[in-house]
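One-letter residues, chain by chain:
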Amino acid sequence: MNKLTALAALMLLAACSKEKPVDLPSELVDFGQSAKVTRLWSASVGGSDEVLRLGLGIAVQGERLYAAGHSGEVAAFELATGRSVWRTRTKADLAGATGANADLVVVGSSEGEVIALAAADGAIRWRTKVRGEILAAPAVGAETVVVRTVDGRLRGLSASDGAQIWETEEQVPRLSLRGTAPPTLARDLVIAGFDNGKVLAVGLADGDTIWETPVSAPTGRTELERLVDIDAAAKVADDDVFVAGFQGRAAMLALDSGQIWWTRDVSSYRGVDIDDNAMYVAAANGELLALQRRTGVELWRQDMLKFRRLSAPVVVGEFVAVADLDGYMHWFDRATGAPAARIGGIGGRVSTPPVAVDGVVYVISDNGRISALRATRNAAAN
C-alpha cells in the first residue's frame, strides 16, 4: 500500500474491527450562541466532487486572497470584498496550492509541475517539472520557492525562473497517510515535517541540513499502528517551532537547534495554531485542545465535535475557529473552550487550514467555495 490507499485502509480497519464500533460523527447540538456570525462574501474556484484529499488551500498576501482549484484555475480576489481581480487557467490538475508573496503566486500539480504566476495580473511566469506529486502549498520566499513532494523530497527552486537550486530527502515509510506537510519559512530556514515523524530544518539558500528532530517514533506491530506522519505545517513564533503528528505527539522545538522543549501525546493530521498563551490542536478524533504554550499543560479540551473530521484550528480575535466535514464553521472561546457560534453553508468538507486576518476567517471547502466570515460577541455576552 502507499499514500493513496493508507487512509482508506485505516477506515476499513475501523469498520472491520470486532472490538470497537465505527466512530460516527457527533450530531450537532443546539447551544446558546454568545456571538453572531456575518457572511461577508463568498466566491469559488473550480473544485472537484470527488474525494481527492488535495492540498488546495488559500493564501493571503496584502489586500488579496489567492486560491486554486483542481481543474487548473488560479484566481485572485480582493480581500475586503471578494471581487475577482484575475483568473488564470493553467490546464494542470492542481493538487498543492497556494503559496504567495508580493510578486508571485505558486501552485503545484498531481504530475509534479510547479507553476508560478504574476501576483499582479495572473500571467504565467514559468513552469517547471519535478519528480513526485505535489500535495502541499509551496513556500514562496524572495529568491527561493520551496516545494515538498510525496516522495519525501524537499526542493528549492529559483523564484526567477524555476530552476532547481537544491534538493534534500527524507525516507518515506511504505505506508503513510495521503498528505504532506507544507514547508514553512522562518528567517533563513525551511522547516518541514515528514511521514517518518521527523521535523527537518534546512538552509533556505542552499538546502543544507541545520537540524533534524524525531518528534514521534513509530510503535506497534502493524504498519497501520506505526503511522506517525506529520502532515500539517509547522507554526513558528519567535524562537519556537510548534508541530503535531498523527498517532504521535504535539511538541515545541527550539528554532535554532531543534531541541524538544516539551511534548504531549496527541494525534493530529490537520494541524495547529498558536497565540501568545496557547497552542490549539485539532485532534484526529475531532477533539479540540488548548495546550499551554510554554509547558504543554492542557488548558481545556472540547469534545462536542468528535469524529467530525475537523480542519486545522485558526485563532481569530477572542475565538479559535474550526471547520468540519459537513461545511459548518465553529467558533469557541479561546480562554475556556466554550462554544460561541456556528454557521453552515460553506460548501462542504474543509481539509485545508482556514486563514484569519483582522478578525475575519477565510476558508475554502474541498469543492472550491471560498467564504469570508466574521464572528462578533453579542452585546448581552459582553
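Parameters at a glance
Along every chain, residues carry numbers that run from 1 in the direction the sequence is written. It should be noted that, the model being predicted, local features are given only for residues of pLDDT at least 70 and side-chain atom pairs only at 80 or more, the latter also being counted only at that level, while totals for whole chains, interfaces and linings use all residues. In computing side-chain properties, one takes all heavy atoms of the structure into account and sets aside hydrogens as well as water. Pairing between strands requires that DSSP locate at least two bridges from one strand to the other. Only DSSP runs of H or I reaching four residues or more are called helices, and only runs of E reaching two or more are called strands; each is numbered from the N terminus. What qualifies as a polar contact is a pair of N or O atoms within 3.5 Å, subject to a donor-acceptor requirement within protein and to the restriction that residues adjacent in sequence count only when both atoms come from side chains. We call two residues contacting when some pair of their heavy atoms lies within 4.5 Å. To get an axis, a line is fitted to the C-alpha atoms, and for a helix only the part in contact is used. The angle between two axes follows their N-to-C directions and goes from 0 to 180 degrees. Only buried Ala, Val, Leu, Ile, Met, Phe, Trp, Tyr and Cys residues count toward a nonpolar core, and they belong to the same one when joined by side-chain atoms within 4.5 Å. Categorising residues by exposure relies on relative accessible area from a 1.4 Å probe, with only protein chains included: less than 20% of the type maximum marks a residue as buried, more than 50% marks it as exposed, and the intermediate range marks it as partly exposed. Two aromatic rings, drawn from Phe, Tyr or Trp (for Trp, its six-membered ring), form a pair once their centres lie within 6.5 Å of each other, and the interplanar angle then sorts them: stacked below 30 degrees, edge-to-face above 60, tilted otherwise. Salt bridge, as used here, is a side-chain nitrogen of Lys or Arg placed within 4 Å of a carboxyl oxygen of Asp or Glu.

Novice: Sorry if this is basic, but what is going on with the pairing of strand 33 (residues 369–377) here?
Specialist: Along any regular strand the residues' side chains alternate between the sheet's two faces. With nine bridges connecting them, strand 1 (residues 35–44) and strand 33 associate as antiparallel partners. Note that in strand 33 the partner of Ser 42 across the bridge is Ser 371. Where strand 32 (residues 360–364) meets strand 33, five bridges bridge the pair, whose relative direction is antiparallel. The partner of Val 360 across the bridge, within strand 33, is Arg 374.

Novice: Explain the side chain of Asp 324 to me, please; I cannot follow it from the model alone.
Specialist: Note that Asp 324 resides in the loop between strand 28 (319–323) and strand 29 (329–333). Separated by 3.0 Å, the side chain of Asp 324 and the backbone nitrogen of Asp 326 make a polar contact. At 3.0 Å, the side chain of Asp 324 forms a polar contact with the side chain of His 330. Those residues in contact with Asp 324 that sit more than four places away from it in its chain are Leu 28, Arg 308, Arg 309, Leu 310, His 330, Gly 348, Arg 349 and Val 350.

Novice: Sorry if this is basic, but what is going on with the sheet that holds strand 27 (residues 314–316) here?
Specialist: The strands that make up a sheet pair up through hydrogen bonds in the backbone, lying either parallel or antiparallel. Strands sit in the order 27-28-29-30 across an open sheet of four strands; the sheet is antiparallel. Two strands bound the open sheet, and with one partner strand each, they are strand 27 and strand 30 (339–343). Put simply, the sheet's adjacent strands are angled 25° from each other on average, direction ignored. Sheet analysis places strand 27 next to strand 28, joined by three bridges and oriented antiparallel. Note on strand 28: the bridge partner recorded for Val 316 is Phe 319.

Novice: Help me understand the sheet that holds strand 31 (residues 355–357), please; the structure alone is not making it clear to me.
Specialist: Pairing in this open sheet of four strands is antiparallel, and the strands run 1-33-32-31 from one edge to the other. Taken across any chain shown, the strands that pair with only one partner, and hence form the sheet edges, are strand 1 and strand 31. For this sheet, the mean angle separating the axes of adjacent strands, direction not counted, is 25°.

Novice: Could you clarify how one ought to interpret the nonpolar core in this entry?
Specialist: Counting 20 residues, the largest nonpolar core has Tyr 66, Val 74, Trp 86, Leu 94, Val 105 and Val 107 as its most contacted members. At the level of elements, strand 4 (64–68), strand 5 (73–78), strand 7 (94–100), strand 8 (104–109) and strand 9 (113–118) are the ones that each hand at least two residues to this core. Among the elements that line this core, the one with the most residues is strand 7, at four residues. In terms of nonpolar packing, the next biggest core, distinct from the first, is built from 18 residues, Val 37, Trp 331, Ala 341 and Val 350 among them.

Novice: I keep staring at the packing of aromatic side chains and nothing clicks. Help me out?
Specialist: Evaluation of the coordinates by the stated rule reveals five aromatic pairs. Centre to centre, the rings of Tyr 66 and Trp 86 are 6.1 Å apart; their planes meet at 40°, and the pair counts as tilted. Placement of Tyr 66 in strand 4 and of Trp 86 in strand 6 (residues 84–89) is noted, with a sequence separation of 20 residues between them. An angle of 45° between the planes, with centres 6.1 Å apart, marks the rings of Tyr 280 and Trp 300 as tilted. You can see Tyr 280 sitting in strand 24 (residues 278–282) and its partner Trp 300 sitting in strand 26 (residues 298–302), a full 20 residues away along the chain. This pair shows no difference in class: Tyr 280 is buried, exactly as Trp 300 is. By way of ring pairs, the aromatic residues Trp 41, Phe 77 and Tyr 362 are connected into one cluster.

Novice: Just to check I follow, could you spell out the environment of Thr 144 for this structure?
Specialist: Positionally, Thr 144 belongs in strand 12 (residues 144–148). Expressed as a C-alpha distance, the spacing of Thr 144 and Gly 162, which sit 18 residues apart in the sequence, is 8.7 Å. Not counting residues up to four positions away in its chain, the partners in contact with Thr 144 are Ala 139, Gly 156, Leu 157, Ala 159, Ile 165, Trp 166 and Leu 204.

Novice: Explain the pattern of salt bridges to me, please; I cannot follow it from the model alone.
Specialist: Once the charged atoms of two side chains with opposite charge are near each other, the side chains can pair. Under the definition given, this model contains 24 salt bridges. A salt bridge links Arg 83 to Glu 78; the shortest N-O distance between them is 2.8 Å. Under the relative-accessibility criterion, Arg 83 is labelled partly exposed at 48%. For Glu 78, a relative accessible area of 25% gives the class partly exposed. Note that Lys 198 is salt-bridged to Glu 212, the shortest N-O span being 3.7 Å. Of this pair, Lys 198 sits in strand 17 (residues 198–203) while Glu 212 sits in strand 18 (residues 209–214); the two residues are 14 residues apart in sequence, bridging distant segments of the chain. Exposure remark for Lys 198: the relative accessible area of 25% places this residue in the partly exposed category. With relative accessibility at 38%, the residue Glu 212 sits in the partly exposed group. Through salt bridges with shared partners, a single network forms among Asp 151, Arg 153, Arg 155, Glu 167 and Glu 169.

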